[in-house]
Amino acid sequence: MSRKVSHRARTLILAGLAAVFAVSTAQAQTPEGTEIWNKATATYTDANSNSYAAIADSVMITVGFQAGIDVIAGAATATPAVSSTDNTITFDVDNIGNGTDSVNVAENISVGSIITVTGYQVEAGGWLTTLAELNDSLSDIWPLATGAGNGITVTVRYDVLAGTGGQTTYYRLTGTSLRDGGESDVDSTAITPGQTFGVTLTSSPGPADTVTASELPSNGTNYTVIFRITNNGNGPEDFDLLTTQIPGSAITVVSIAGTGVTQGGDPDSALVSAVGAGAFVDLTVTYSVGQVAAGTADTLVMTTYARNDKPTTTDDTRLELTVIRPDMSITKLAYTDAGRTTPVAGNVLPGQSIWYEITVTNGASNSDDATSIDINDDLPTEVTYVTHGDDGSGWTISKLDGPPEHMDATLASLAPGASASFWVQVTID
């Protein structure tokens, strides 16, 4: 069970060598229990040069115990795989004191959600499951009582949890002398599971890569589209977002919002922070549509990058927008019959009945509902109002006395491609 020269002893040796051409090198501590004798002898004569027997006396001191523990991590860093099991790290625990000693160890894991310790081993012994069992073994089976300059190796076995790529935890092992509880040492290994990156950006709830929309010019009314960013990597990650408009003729981004989203210096960019492995964040993009012609096409492209793997890990999705507007037209015809099948042809005579029919039509191409339709019709002074009616489209019609007599007709809405009409019967004066 003899060991290499301890870390602290090596430090002392190197320090001695560094003292350029010093006469003596650093020495190991004097072992506990060593008896150090010191003898003084005196000789003397008298005034007549008579010689006398030498006189002497001695004193003995005993070297006491000086504890010394040195814990040395086998590696400063470790990079196990995510979701891996039975990973190991080692620590040397050395006795650098001047006498026999035993040790007790304690552990500390700085971030407990990254690894789980599953066992301990002393030298090549069997695996132990608890820290208490480890300390029993250290004190009873593998004490440092073999003397100064010796030690043992402790192996720690652990599993790496899912979703921890790129995160670091420090496993610290502290060794404390059982003979002198004030003497201890600690060393650590930084454990950072390897990280993989992946991202998808889709519509929400998805999974379409392209969203289509038809919108009216905003006129103060903004619109929203929701995109979903999903972290397909094995650890939490930050994602940069950028929106662009192609060709940019109609869409203006107002804001990007969502959990963990920080708006950039302009509305077209943002940062999504700490998206967990396998998790997603829904991003609400608010935008406005400019006062452009019906049928104008514009595309909003949303692009995301994994901040720690830029530009390799990226994805995008888009909103394809078509601007729509109501496309209203109006016609007014005169008929000679109540069924409005015979248009007026040629001259009309006094006393003759005429039916005026007014029709509004909303175009079907790149159109939207026309609302609050209001038609005003001043009747000629040469006619007399008789009655009115409509085609059942939901008109509200009223006659206002003149002169001139006036027809007011309103319709709440008219869908794209639809027509609606009403009629007024008059007689020729």
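So, how was this worked out
- Residues numbered from 1 in each chain as written.
- Predicted model: local features only at pLDDT ≥ 70, side-chain atom pairs only at ≥ 80, totals over all residues.
- Heavy atoms only, no water.
- Salt bridge = Lys/Arg side-chain N within 4 Å of Asp/Glu carboxyl O.
- Helix = DSSP H or I, 4+ residues; strand = E, 2+ residues; numbered from the N terminus.
- Buried < 20%, exposed > 50% of the residue type's maximum accessible area, 1.4 Å probe, protein only.
- Phe/Tyr/Trp six-rings, centres within 6.5 Å; stacked < 30°, edge-to-face > 60°.
- Lys NZ or Arg CZ within 6 Å of the ring centre and 35° of its normal.
- Pairing = 2+ DSSP bridges.
- Axes fitted to C-alpha atoms, helices over the stretch in contact; angles between N-to-C directions.

### Comments concerning the pattern of salt bridges
Then, number 1: Per the counting criterion, the structure on display carries eight salt bridges.
Then, number 2: Between Lys310 and Asp240 there is a salt bridge, with the nearest N and O atoms lying 3.8 Å from each other. One end of the pair, Lys310, is in the loop between β19 (297-306) and β20 (314-323); the other, Asp240, is in strand β14 (residues 237-246), with 70 residues separating them in the sequence.
Then, number 3: Assessed through its relative accessible area of 49%, Lys310 is described here as partly exposed.
Then, number 4: Of the charged contacts in the structure, one is a salt bridge between Lys399 and Glu405, with a shortest N-O distance of 3.2 Å.

### What about the packing of aromatic side chains?
Then, number 1: In the structure shown here, the tally under the stated rule is four aromatic pairs.
Then, number 2: Against the face of Phe280 rests Arg228, its NZ or CZ located 3.8 Å from the ring centre.
Then, number 3: Taking the ring centre of Tyr305 as reference, the NZ or CZ of Lys310 above it sits at 5.1 Å.

### A short note on the sheet that holds β19
Then, number 1: The six strands lie next to each other as β12-β20-β19-β14-β17-β16, forming an open sheet whose pairing is mixed. Each end of this open sheet is capped by a strand with a single partner; those strands are β12 (210-215) and β16 (261-263). On average, adjacent strands in this sheet sit at an angle of 20 degrees to one another, irrespective of strand direction.
Then, number 2: Here β14 runs beside strand β17 (residues 269-275); their pairing, made up of five bridges, is antiparallel.

### Brief notes about the pairing of strand β18 (residues 280-289)
Then, number 1: In terms of residue burial, β18 counts as a mostly covered element, since seven of its ten residues are buried.
Then, number 2: Judged from the eight bridges that link them, strand β13 (residues 223-231) and β18 form a sheet pairing that is antiparallel. The partner of Val225 across the bridge, within β18, is Val285.

All quantities given are derived from atomic positions and should not be read as evidence of function.
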